[in-house]
Each structure stands twice: as C-alpha cells, then as structure tokens.
Number of protein chains: 2
Amino acid sequence: MSIARVLPSLRTRAASLLNTIQFTHPPNCPCHGVPNHPHHKQHNEMASLLGGVAGKFGGRRFASPAGLHTGEREYAFEMAASSIRFGPGCTREVGMDLANLGAQNVLVLTDPNIAELPPMLTAIEALEASNINYTIFKDVHVEPKDTSVKAAIAFAKNSPKPFDAFLAVGGGSVMDTAKIVNLYTTYPDADFLDFVNAPLGKGLPITKKLAPLICIPTTSGTGSETTGTAIFDLTTAKAKTGIAHRALKPTLGICDPLNTRTMPPQVHASSGLDVLFHALESYTAIPYNTRTPRPANPVLRPAYQGANPISDVFSLQALKMTVKYLPRAVRDPDDYEAQEKMLLGATLAGVGFGNAGVHLCHGMSYPISGNNKSYRHADYSVPNPLIPHGVSVAVTAPAVFAFTAASNPDRHREAAEIFGIDTTNVPDEAVGEKLGEGIKKFLGELGGQPMGLKGLGYTRGDVERLVEGTLPQRRVLMLAPGMKEPGTEREREDLAGLLERSLEY
Amino acid sequence: MSIARVLPSLRTRAASLLNTIQFTHPPNCPCHGVPNHPHHKQHNEMASLLGGVAGKFGGRRFASPAGLHTGEREYAFEMAASSIRFGPGCTREVGMDLANLGAQNVLVLTDPNIAELPPMLTAIEALEASNINYTIFKDVHVEPKDTSVKAAIAFAKNSPKPFDAFLAVGGGSVMDTAKIVNLYTTYPDADFLDFVNAPLGKGLPITKKLAPLICIPTTSGTGSETTGTAIFDLTTAKAKTGIAHRALKPTLGICDPLNTRTMPPQVHASSGLDVLFHALESYTAIPYNTRTPRPANPVLRPAYQGANPISDVFSLQALKMTVKYLPRAVRDPDDYEAQEKMLLGATLAGVGFGNAGVHLCHGMSYPISGNNKSYRHADYSVPNPLIPHGVSVAVTAPAVFAFTAASNPDRHREAAEIFGIDTTNVPDEAVGEKLGEGIKKFLGELGGQPMGLKGLGYTRGDVERLVEGTLPQRRVLMLAPGMKEPGTEREREDLAGLLERSLEY
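An unreviewed UniProt entry lists chain A under the name hydroxyacid-oxoacid transhydrogenase, with Ascobolus immersus RN42 given as the organism. Quoted verbatim from the Sequence similarities (unreviewed entry) field of the UniProt record, the comment on chain A reads "Belongs to the iron-containing alcohol dehydrogenase family. Hydroxyacid-oxoacid transhydrogenase subfamily." We quote the UniProt Subcellular location (unreviewed entry) comment for chain A here in full: "Mitochondrion".

Written out as structure tokens, the structure reads:
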C-alpha cells in the first residue's frame, strides 16, 4: 500500500523532468556563469538540464542572482486574482470605475449577440453617464481564432487616439480577446507568437504593465474575469492554445447576476459544466511542490502551477456550489438564486483553476470541439455545428476521474461525497469508479448531455486523431495526476484509453 | 421565533441609519442637483439623510451619474487582495521581484529587533544579489503611533532621490508603517488626517496609484501583507485608528515560513489569537447587504463591508486551521508544520477580514491595550508594560460571542462545532453560551492567557473608561452583529455589559 502511494509521486517527478527537457528552452543555468558560485558543487547534470527556464527571453535576461536552483522541485506557490465586485445591478457602476481609473479613451469589446442585450446597454449607459469617451468593437468571434484576435488587435492599433483602458462585456471569448488586445497594444512591436504558450509559441513572460481592463461576464462559466489566461485557436497549428500570465489578469471583474439571466437552459448547463471541471480538475491537479523545475526567477512561475492550499479552498467551494446549484439553474429559468450562486461559483472556480490549472478533461476537450463535423447542441443558435466547450470537457470526465483517483484517493473520495456518494465502505482502489459513476449520474440528470463521445458523432476510429490533438496541450497535461510517462508512447496509450472508455456510458 | 429572527435585522438597519447620520458627511445626495432625475420622485427624506457619503472629498467630487441611490441598502460586495507567494525560502526571491517591478531606489522598513534577524539578512542579501539600490529605515515603532509614522514619512521624504518602491520586513507594525509611508510620499502635500478613518480623520478615498510595496511578514498574525489596512495610535485623540482603503494593499506578500521560526511560544499564541478572531469576527460580522448606505461611487465602498460569500470562504478556512494548529505551534517550537499552517492561516484570515471587517473584540481591544498600566506578557522583551494585541482581542471573546450568537445562530453553531463542541441538542438560544465556553476552554488550554480583564489588572471601576475608548471605533462597531442601537445610550450599555462579563471567567 505504501509503495503504491509512493510510486505515482516518483512517476510524476520523472514525467515533469521529461516534459521539461522536451518543452523548455535549451539548458542555460545561471550558476554556470558565476565563478565560485556557492551552490556550484552541488550542481549535477540533471539540474543543469532542468535549468532551462532561466535564460534569455525577448532579449531580457531573467537571471537567478540569489543562487536559486532551477533544477530542484518547486517550493513556493503564488496566488493572484483580479479584484471582483459582485452584486445584482453593479454593471451600472462601470462608468465611475473607468473615471476613477483616469480612463480617457476606452475600447469596449463585445460580440454581435451581446451587443444588443441588456448587459451591453447598461454598460454603455454607465459610460455615457460618466462622460467616458469610448469606441465599440462588436465583432469578437465566439471561440476566438488567432485571425479573429488579430483583427481586434488591428482595430485597436488603428485608432487615431490610443486606447488607455479596455472594457469587455461578454463571455470567455470576449474577455479573452480583450486581454490579448490589451497585451499587443502594450507591446505594439511584438510578434504574435512571442507570448503564446510554448511549445506552439515562445511563451515569453510579460513584464510591462498593461492598461486597465474591466471585464463584465455574461455567462457563468469561464471565470476569465479573474484569470490571466486567454484561449484561442491557432489556425496555423490547427490547435487550441492561448496566452497565460498573471500580468494579463483584468483589473476588475464586475459580476452582475442580472447579466446571466438571458442564458437559455443548455447554455447554463454547458457553461456550468466548465465551472464544475475547472473546480474538480484544479482540486485534483498535481501538487505545486511536485512540479519541476523550480523557476529561476519568480516572473517565470506559471499560473498553472498545480494544486495548492489557497486554490484548494476556492476549487472545493466552487465544486460544492456547482453540484448543488447547477441542476436548479438548468431546470428553472426563474431560479435566480441558483443562477446567482452559479455566477459566484464560476468566479470562485476561476480563482481556483487560475492559480492551479486544469488537466485531462480540458486537455482533451480542445480536439473534441475542434474535430466536430456535424454535432449541434440544443439552445445554441449559431450558423455552424458546435460542441459547446463545457460539453466537450464533461464528456471524458467519468473516465478521467476513474483514472486519476489512484494519484490521490482522499481528494477523489471527498469529491465523490460531494456528488452524493456514500464512500464509507469504499476502499481506495474503488473510489475512482465510484466518482466516475457519480459524475455520469450527474450528467444524466442534468439532461441534454451526449453521454459519451458517440453521442457527439465520434467513433473508435477517431480516437487517434483526438489523441494527436491533445498531445500539444503540454501546459495542462503536465498537471495531470497519475499519468505514467508524459511525453512518451505511454502517454499516448493513456490518452487513447481514456478516450475509448469515453465513447459511451 | 420568526419575530425574534426578524427583529435583529430591523435593529441592524436602524442602527446603521443612526451610525450614518452621526458619522458621515452632511447630506448631499447627487440626485438633488439633477433636474428631472428619473429617480427623483422615489426619493424620500430618509434616503436624503443617508446619501451622506456622496459629496466632496478633497476637492474631488464622487458623483453618482448612473442614478445610484445612496439611501438604499448595499447590494454588492468587492473583493481585493494582494498577490501572495508562499513557500519556505521564498524571501530570497525579493530582489528579483523588485528588479522585475523596475525598482531603482527602494526603502526597506523594519524594526530594531528584526533588523538583526535572518528574515532581514536574507532580504538584504537578495537585494544585493539583484543590484537593487536600497536604504534601510529600521526605526519602525512596534505598535506604531502617529508620531512614529510621521518620523518614517519624514525620513522617506528627505531622501535625496525619491523612493520608487518599498519593502517591509517585519510584523504588522512594520507593514502598516510602510503602507502609510507609501501613501504620504505619493501625496506629499496631503495633511496627515486626510486619509485617516473618519470620524477621527477625514477618511478621503485614495485615487492615485501608489508605488509598489512588497511585504515580508515575520509573524503569523496581522495578515497585513494582504490588506489595505494600517493601524496606529492617534496620540492627539488618545485612540487607536488607522487608514483603510483597497489602494493601500501591498503589491505582493511574500509569506516565508522560515521567517516565523524565531517567534517565542507566547508570541505565537498572541499573534495566533489575532488570527483566530480576525476569522471569527469577520465570519459573524453583519452581512454586507444589510449595510447602509449603498455608496454613491464604488471607490467609496469600504473594505470593511461586512461578511460576504467570498470573505466567508477565507474566514471559515482560517478559523478551522487556527483551532487545529495554533495549540501545536505554541506547545512545540519545532512543530514546523503547525507554524507553516499558522502563517497560511494568518494570510487567509487577512484576505477574509480585509474584505469583510472585524467587530467587537477588535473594537474593545484598543482601549484594553491602551489603558494598560503594568501588565507584562511572557516572552515579550520590551522596556514598557505591554498587553499584546491578540491577548487584548481574545480577552472579551467569550462574552462577545455569547452575545452576538442571537444575530446568526447558524454561524455561531458552526463555529462552536469547530471548537469541538457537539451542538446537536443545543437550541439556538443556547448556542452563544456554548461557543463562549468553547472559546474559554481553548484559551485556557493554550496557556498563558489572563482569563479575564482582572488578569490584566482591570477592575469594575475601569469599565467606563474602556467603553469610552471603544465608542470612537465606528468602523468596526458598525459591523457588530446584534447591537441594539449603535450610537445611543443602549450601545454604551451593551459594551459595558460585555466588558463586565469579561472581568473574570
């Protein structure tokens, strides 16, 4: 028993090591350049290999002058979140907020649907009332692509008077696009790939202070109003990727439950499933202090750093709230209490996963949504076939948590109890299956879910393609608990197994 | 029963109303100046009276252009916290942090004791390693006074080259002094009372962006590294007061468990008691949405806004951790796990109370510490008699929570359970007494506590003076649950009753 408990930890370390060698910059340990460096003698070849994250980034060197050893395991975690205001009707304060921030010229980003809805109208009325100069960009692409993001950046750069603040009114797509526009107007000469997550982009750290960004979410899902993460499709690589750095986080998230009242039931369901697995994946991600390498400079410490004692508090609370309130919010469009709790839950989960990370369900969701041919989900009135993000995240969850439970039976047992399962007489080895069953039951009772990849139109023949689409998601795969050998053939096998077990249930 | 439950809420509203009339600026509702204001007709005299917080502050007008009604109850809460880094040894990253922030000339504040201890030596080594220019001010006064704070401000203002960043290494006194120095070097022409909490000061909101401030706490108590609060003695008014605004919060708190290892047992105990009641007072403070008036401008929304769903998560977690780990941290100086949990608990409680507030124990603690004649607490090697802050907070707690329980029996029952009391068969009316007994038992077992005001040298004849010293603490008294008529003779009676019941137990 004790050996079984030790093994996953050793595996995790080995896995991280391989990840690092494969996906970071060439070895460049700062100690090597320092004569008589006090730690030099303790330095072994492995540490040298692992020292890769120190080095030159965009011409700026992030050295480790205090003798930090990058080859060692992580020893610290960092927690950062946007300020959050929460209350029904508080959208109308946004004009005063922008005035208080000294904004002179604001770019308001939204999408064509939201542009006509009350959240946007209230926000614009508030800007007018505070005499804020603003320009509206309402062509944000839902499920943004690099091309749509670049169009928004170009729009902002072409303004005759530079924008000094940004306001995003919408769901994750709008908020994420606004973050990226803020970034590339602050770094007008940067190449688009400079800040995109490695290995697809260069993953440079952000060191300039961005302009103020206020986010007003209109869905209870992404939690993007609290995080430094922005997700989009990189069309050239045919993959979902993004930009992730604490510096990207909004100045303020204005969470107004009045703004989520127009969501149809299945939009509640799928955005709520995103919240559910933000919470459960971040709570079960590898612990921060098993991650290697320790960064050479604190600016290089990733926001997706693994589970830690502060993210745990947020993630667990969000998990409890979602299991309790999501079914009510989906069932009854007039259950404002449940809707309000779901908006709060989305925000709490945002702080949780924004400071810990997500793993397998999210990693596999990207190719599941991306390879869709003809599936259309109820309540989504969009021109093309669409598997909503939350649906593609949830579909593998029963298999995923049955698989990951061995890495931390206690946490998975706690989660199973939250799903209403009595685990009193369930041995550790069986906790994962029980949790998987609890998730299946939850999805079934929620209604409208595909209950397996076959329900989305996938067959066994599609598994390999879905594995291929998952493998580049290193940033989340490296946080996956219980993976035997990330970066190797074994990882492929693990992913294929999870997808096969997700075909139908 | 239902009437009994309604009454406290009505009382709370009436109380807040009286508080407002008494302690805010003259009525000045923005709607009155707007012809044909859409809400004008709904406007009644009460709302007008309550509109006081709108108005002129330091020559700048915070109007309410969106038609917000300041006479109404609060409808939103706001959550803001410093970024936190947590990990043993992470003090040595601070030089890189300041370099990353672009700091050219840093003022390092500490006190004479800490100046010679490892936390300070490590921090200075880190600054040197990153080639940061710095100046040390090591004369921070423990339990700061306006005079000592002004001396620190004068030191900073007299620097030949202005400081562009601040580093605080120490306990709450050091961190609070650093916040105030940062404020008044950003506003060099301000009068010292401009930003001090009303009614003793003018309580102006802070609208300029302050310089970066990094805090490295060396005690597990104040949570000041996460909050926008700074406390000191206003000698001219013979009262504890402070400055509280979100803008004052540090940029980053570096919580390094290695830095709290040198605390003697009774310093662990009293700083841990501060954490305990940060958690329990903020969890039982009046709910944010019973506070009146709603602010006319979001910049006027107080950080001490009442309990809310996000502060609750932090406060409850900190309460559980403190009850579990504080006795271990006090008993065994080598129990590093318990010490580490207490540092984390202090930080979590800081986020909790920093976004909710504290109430009666803290309100009465100031005159209890301030009127001390000869009491000396073990392990505090200071020249003058001293009642440590946490001790003066804890001494009234058994009486306070027996009294406040009627305002929210469920939360007090939850707290009693955390203190190990089985409340299964305890009726609501008896929950307060049970919680009070649980706190007494906890204090007794912790050891070294006075077990009543008599143990600190006070007698029944001192009660009136202690009441007088508590009454100016409006900012915390207005959050006290279950007070019948704040601002009236009844409030005096309530406070006198609490102090009398705290004489010995």
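Let us keep going from here.
> What is the right way to read the sheet that holds strand β6 (residues 134-137) of chain B from this model?
Strand pairing in a sheet is mediated by backbone hydrogen bonds. Such pairs are either parallel or antiparallel. Strands sit in the order β3(A)-β4(B)-β11(B)-β8(B)-β7(B)-β5(B)-β6(B) across an open sheet of seven strands; the sheet is mixed. Unpaired on one side and paired on the other, β3 (77-79) of chain A together with β6 of chain B mark the two borders of the sheet. The mean angle between the axes of side-by-side strands here comes to 15°, regardless of whether they run parallel or antiparallel. Note: β3 of chain A against strand β4 (residues 83-86) of chain B, three bridges, orientation antiparallel.

> I tried to follow the pattern of salt bridges on my own but got confused; where do I start?
Here the idea is simple: oppositely charged side chains can pair when their charged atoms come close. Under the definition given, this model contains 48 salt bridges over all chains. Of the charged contacts, one joins Arg301 of chain B and Glu74 of chain B as a salt bridge, the two residues approaching to 2.9 Å between their closest N and O atoms. In this pair, Arg301 of chain B is assigned in the loop between α7 (265-284) and α8 (309-331) and Glu74 of chain B in the loop between β2 (60-62) and β3 (77-79), connecting sequence segments 227 residues apart. With a relative accessible area of 3%, Glu74 of chain B lands in the buried category. Its salt-bridge partner being Lys202 of chain B, residue Asp194 of chain B comes within 2.8 Å of it at the nearest N-O pair. Look at Asp194 of chain B and you get buried, because its relative accessible area is 13%. Residues participating in the shared-partner salt-bridge network are Glu74, Glu78, Arg291 and Arg301 of chain A together with Arg85, Glu93 and Asp97 of chain B.

> In this structure, what is going on with the interface of chain A and chain B? I would like to understand it.
Accessible area lost upon the coming together of the parts is a frequently used measure of interface size. In this assembly, 45 residues from chain A lie in contact with 45 residues from chain B. Here chain A meets chain B over a buried area of about 3,800 Å², counting both sides, of which 60% is carbon and sulfur. Of all residues in chain A, the largest losses of buried area upon contact with chain B belong to Tyr75, Arg92 and Met96 of chain A, amounting jointly to 16% of the total for that side. Counting every contact that joins chain A to chain B gives four salt bridges. Between Glu93 of chain A and Arg301 of chain B there is a salt bridge, with the nearest N and O atoms lying 2.8 Å from each other. Residue contributions to the side of chain A that touches chain B peak at five residues, all from helix α8 (residues 309-331) of chain A.

> Which parts of the structure should I look at to understand the nonpolar core?
Most often, soluble globular proteins keep nonpolar side chains buried together rather than apart. In terms of nonpolar packing, the biggest core is built from 148 residues, with Phe277, Leu360 and Ile368 of chain A together with Phe277, Leu360 and Ile368 of chain B touching the most fellow members. Ranked by size, the runner-up nonpolar core spans 33 residues in total, among them Ala152, Ala168, Leu183 and Leu204 of chain A.

> Can you walk me through the packing of aromatic side chains in this structure?
Two numbers describe a pair of aromatic rings. These are the distance of the centres and the angle of the planes. This model, assessed by the stated rule, comprises 23 aromatic pairs over all chains. With centroids separated by 5.6 Å and ring planes inclined at 25°, the aromatic side chains of Phe86 of chain A and Phe77 of chain B adopt a geometry described as stacked. With Phe86 of chain A in strand β4 (residues 83-86) and Phe77 of chain B in strand β3, the pair connects residues from two separate chains. With respect to class, Phe86 of chain A is no different from Phe77 of chain B; both count as buried. The interplanar angle of 55° and the centroid separation of 6.4 Å between the aromatic rings of Phe163 of chain B and Phe166 of chain B together place this pair among those described as tilted. Per residue, the accessibility class of Phe163 of chain B equals that of Phe166 of chain B, and both read buried. Following the ring pairs from residue to residue traces out a cluster consisting of Tyr184, Tyr187, Phe192, Phe195 and Phe232 of chain A. The ring of Tyr75 of chain A has Arg294 of chain A sitting right over it, with the charged end atom 4.2 Å from the ring centre.

> Looking at this model, I keep getting lost on the environment of Pro409 of chain A. Mind explaining?
All names here are of chain A. By secondary structure assignment, the location of Pro409 is in helix α13 (residues 409-418). Separated by 194 residues in sequence, Pro409 and Cys215 have C-alpha atoms that sit 37 Å apart. Apart from residues lying up to four places away in sequence, Pro409 is in contact with Asp428 and Val431.

> I tried to follow helix α4 (residues 118-129) of chain B on my own but got confused; where do I start?
Each α-helix turn comprises 3.6 residues. Residues three or four places apart therefore point the same way. All names here are of chain B. Spanning twelve residues, α4 covers 16 Å between terminal C-alpha atoms, matching the ideal 16 Å at 1.5 Å per step. For α4, every residue scored as buried is listed here: Pro119, Met120, Ala123, Ile124, Ala126 and Leu127. End-on, the buried residues of α4 take up no more than an arc of 155°, which puts them together on one face. Packing partners of the buried residues in α4 comprise α3 (94-100), β5 (106-109), β6, β7 (165-170) and β8 (213-217). Positive backbone phi, at 55°, marks Asn131, one or two positions downstream of α4.

> I tried to follow the pairing of strand β8 (residues 213-217) of chain A on my own but got confused; where do I start?
Successive residues of a regular strand alternate their side chains across the two faces of the sheet. Residues and elements named next belong to chain A. Burial runs high along β8: five of the five residues are buried. Neither face of β8 is exposed, since Leu213, Cys215 and Pro217 on one face and Ile214 and Ile216 on the opposite face are all buried. Alignment of strand β7 (residues 165-170) against β8, held across five bridges, turns out to be parallel. When the bridges of β8 are listed, Leu167 appears paired with Ile214.

> Honestly, the UniProt feature "domain: Alcohol dehydrogenase iron-type/glycerol dehydrogenase GldA" (unreviewed entry) in chain A in this entry has me stumped. Any pointers?
Summarizing the sequence annotation, UniProt attributes the feature "domain: Alcohol dehydrogenase iron-type/glycerol dehydrogenase GldA" (unreviewed entry) to residues 82-257 of chain A in the numbering used throughout. Helix makes up 26% of residues 82-257 of chain A and strand 23%, with an end-to-end C-alpha separation of 18 Å.

> Could you clarify how one ought to interpret the confidence of the model for chain A in this entry?
Interpretation of the predicted coordinates at a detailed level should be avoided for regions scoring low in pLDDT. All names here are of chain A. Chain-level pLDDT for chain A is 86 on average; 86% of the residues reach the 70-or-more range. Here residues 1-69 scores under 50 on pLDDT; set against residues more than four positions off or in separate chains, the count is 108 contacts. Predicted complex, confidence summary: ipTM 0.84, pTM 0.85.

> Explain the relation of the copies chain A and chain B to me, please; I cannot follow it from the model alone.
Both copies of the chain are related by a screw-like operation: a rotation about an axis and a shift along it. Of the two same-sequence chains, chain A is brought onto chain B (RMSD 0.0 Å, axial shift 0.0 Å) by a rotation of 180°. In short, the pair behaves as if placed about a two-fold rotation axis. Both copies present the same face, since 100% of the interface residues in chain A are matched by interface residues at the equivalent positions in chain B.

> What should I look at first to understand unusual backbone geometry in this one?
Most peptide bonds take the trans configuration, and most residues that are not glycine carry a negative phi. That bond from Thr292 of chain A to Pro293 of chain A is cis: its omega, -5°, falls within 30 degrees of zero. Summarising the element assignment, Pro293 of chain A is placed in the loop between α7 (265-284) and α8. The peptide bond linking Ala198 of chain B to Pro199 of chain B adopts the cis configuration, its omega dihedral lying at 5°. With respect to the secondary-structure elements, Pro199 of chain B resides in the loop between α6 (172-186) and β8. Not every positive phi belongs to a glycine, and Glu143 of chain B is a case in point at roughly 60°. Here Glu143 of chain B shows up in the loop between β6 and α5 (146-157).

> Just checking my understanding: could you explain the sheet that holds β4 of chain A for this structure?
Strand order across the open sheet formed by seven strands is β6(A)-β5(A)-β7(A)-β8(A)-β11(A)-β4(A)-β3(B), with mixed pairing between neighbours. The sheet is open, and its two borders are formed by β6 (133-137) of chain A together with β3 of chain B, each paired with just one other strand. Recorded for the sheet is a direction-independent mean angle of 20° between the axes of neighbouring strands. The pairing of β4 of chain A with strand β11 (residues 252-255) of chain A spans four bridges and is parallel. Directly across from Phe86 of chain A, in β11 of chain A, lies its bridge partner Cys255 of chain A.

> So what exactly am I meant to see when it comes to the environment of Cys90 of chain B here?
With respect to the helices and strands, the residue Cys90 of chain B is situated in the loop between β4 and α3. Taking the C-alpha atoms as reference, Cys90 of chain B lies 8.9 Å from Pro257 of chain B; in sequence the two are 167 residues apart. Discounting chain neighbours no more than four positions away, the residues touching Cys90 of chain B are Tyr75 and Ala76 of chain A together with Arg85, Ile254, Cys255 and Asp256 of chain B.

Analysis parameters
- Residues numbered from 1 in each chain as written.
- Chains lettered and ligands numbered in written order.
- Predicted model: local features only at pLDDT ≥ 70, side-chain atom pairs only at ≥ 80, totals over all residues.
- Heavy atoms only, no water.
- UniProt positions renumbered as here; feature names shortened; annotations may be inferred.
- Pairing = 2+ DSSP bridges.
- Helix = DSSP H or I, 4+ residues; strand = E, 2+ residues; numbered from the N terminus.
- Axes fitted to C-alpha atoms, helices over the stretch in contact; angles between N-to-C directions.
- Salt bridge = Lys/Arg side-chain N within 4 Å of Asp/Glu carboxyl O.
- Buried < 20%, exposed > 50% of the residue type's maximum accessible area, 1.4 Å probe, protein only.
- Contact = heavy atoms within 4.5 Å.
- Buried area = accessible area lost by both parts, 1.4 Å probe.
- Core = buried A, V, L, I, M, F, W, Y, C linked by side-chain atoms within 4.5 Å.
- Phe/Tyr/Trp six-rings, centres within 6.5 Å; stacked < 30°, edge-to-face > 60°.
- Lys NZ or Arg CZ within 6 Å of the ring centre and 35° of its normal.
- Expected span 1.5 Å × (residues − 1).
- Arc of directions from axis to C-beta.
- pLDDT = per-residue confidence, 0-100.
- Least-squares fit on C-alpha atoms with pLDDT ≥ 70 in both.

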